[in-house]
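Here's the letter readout for the chains.
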Amino acid sequence: MDQPFAKYASLFDLSGSTALVAGGAGGIGRAISEGLASRGCSVVLTSRTEEKAQKIAGSIQEQGGKAEGRALTVETMDAVRRLVEKVRSDHGRIDILVNCIGSHIEAPAEEYREEDWDAIFHGSVKTAFFLSQAVARGQIGNGGGRHIHISSVRSQLGIHRGYASYCSTRGAMNMMVRQLATEWAKHQINVNGIAPTFTRTDLVAKYLNDKTFYNNLTARIPLGRVAEPIDIAGLAIYLAAPASSFITGQIIFADGGLTACQ
């Protein structure tokens, strides 16, 4: 018997797929890892230490999901390539890449040190590109895949603080997403970005716990709140799933309307 709704029911089904979530033990990365696993995806998530990655993976397993944790340091691109090859060897393929890796060193632009600038670009833009490259090499000629990079509203909006390197790397990442999407479309590789505003994670807890800071922040966001990790996970599920098969080269701003009025 025909099931006319079957094609819609499968739009968010990730059963049988494998995802590599780089930085998957962080606040946003963990939510994305849990979200992908909830849709039937086998998730390989990374952290700087294997212990932390395995702890998050264990939590996902306890909830009935498929996950494993691995260590990934990005001091060299050889380490990135080795990790990708190991995951591909163990799982046969990598269908989905989610890149949640990034860092920040705050300092006034007139005082910013060259070595800090290089470190932030290395850990953000360079790592993002060569991580995507390593994954794409296994997807080209093998049905394609999905790449999702976590950017920021600061890729489009400046800020009255020492964020020169952070804003610059996120802007560069957005352009990288568009370029890779254009180059790899012929291989059926969709490349997109998610650009959140402040998201409630341990990393920014000290700011959000400051009532004055929080109220000033949310006053500028039309929806009147910051992002929650699940908000970002929902977008990641969409961009990883069949539902977004015609979406590529896009930066989706998960910002409660902030960039619509700034």
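Structure: above.
It should be emphasised that the depicted structure is a prediction, and the values quoted were computed from it without experimental measurement. (Residues numbered from 1 in each chain as written. Predicted model: local features only at pLDDT ≥ 70, side-chain atom pairs only at ≥ 80, totals over all residues. Heavy atoms only, no water.)

J.: Could you give me a rundown of the packing of helix α2 (residues 27–38) against helix α3 (residues 50–62), with the residues and numbers involved?
T.: Contact pair α2 / α3: the axes reach a minimum separation of 10 Å and the direction vectors enclose 35 degrees. Crossing of α2 over α3 shows right-handed handedness. In contact with R30, S33, E34 and A37 of α2, α3 contributes I56, S59 and I60. Considered class by class, the residues forming the contact of α2 with α3 number 3 nonpolar, 2 polar and 2 charged. (Axes fitted to C-alpha atoms, helices over the stretch in contact; angles between N-to-C directions. Helix = DSSP H or I, 4+ residues; strand = E, 2+ residues; numbered from the N terminus. Left-handed = near helix turned anticlockwise from the far one by under 90°. Contact = heavy atoms within 4.5 Å. Nonpolar A, V, L, I, M, F, W, Y, C, P; charged D, E, K, R; others polar.)

J.: How would you summarise the sheet that holds strand β2 (residues 42–47) if you had to cite specific residues and measurements?
T.: Within the open sheet, the 7 strands sit side by side as β3-β2-β1-β4-β5-β6-β7. Their pairing is parallel. Since the sheet does not close on itself, it has two edges, and those belong to β3 (66–71) and β7 (251–254), each with one partner. Across the sheet, the axes of successive neighbouring strands diverge by a mean angle of 20 degrees, strand direction being ignored. Pairing analysis gives 4 bridges linking strand β1 (residues 18–22) to β2, with the strands arranged parallel. Bridge pairing in β2 links A19 to V43. Across the sheet, α3 lies against β2 and β3, angled at about 175 degrees from β3, the strand it touches most. Across the sheet, helix α4 (residues 77–91) is in contact with β1, β2 and β3; its angle to β3 comes to roughly 150 degrees. (Pairing = 2+ DSSP bridges.)

J.: Mind laying out the environment of M176, listing which residues take part and the relevant values?
T.: Within the element layout of this structure, M176 appears in helix α6 (residues 164–184). Beyond its immediate sequence surroundings of up to four residues, M176 is in contact with V125, A128, F129 and H149.

J.: Quick one: what's the story with the pattern of salt bridges, residue by residue and with numbers?
T.: Side chains that differ in sign of charge can pair as their charged atoms come close. For the structure shown, the criterion picks out 12 salt bridges. Between D90 and R70 there is a salt bridge, with its nearest N and O atoms 2.7 Å apart. Of this pair, D90 sits in helix α4 while R70 sits in strand β3, and the two are 20 residues apart along the sequence. Residue class for R70 comes out buried when judged on its relative accessible area of 13%. Here R161 makes a salt bridge to E106, at a shortest N to O gap of 2.9 Å. Remark: E106 occurs in the loop between β4 (96–99) and α5 (114–139) and R161 occurs in the loop between β5 (145–150) and α6; sequence separation between them is 55 residues. The class of R161 is partly exposed, set by a relative accessible area of 33%. (Salt bridge = Lys/Arg side-chain N within 4 Å of Asp/Glu carboxyl O. Buried < 20%, exposed > 50% of the residue type's maximum accessible area, 1.4 Å probe, protein only.)

J.: Could you give me a rundown of the pairing of β2, with the residues and numbers involved?
T.: Along β2, 6 of the 6 residues are buried, which leaves the element largely enclosed by surrounding structure. A two-sided burial pattern is seen for β2, the buried positions comprising S42, V44 and T46 on one face and V43, L45 and S47 on the other. With respect to chirality, the unit in which β1 leads through α2 into the neighbouring parallel β2 is right-handed. As paired strands, β2 and β3 are joined by 6 bridges and run parallel to one another. Following the sheet pairing, S47 is matched in β3 by A71. (Right-handed = clockwise from strand over helix to strand, strands pointing away.)

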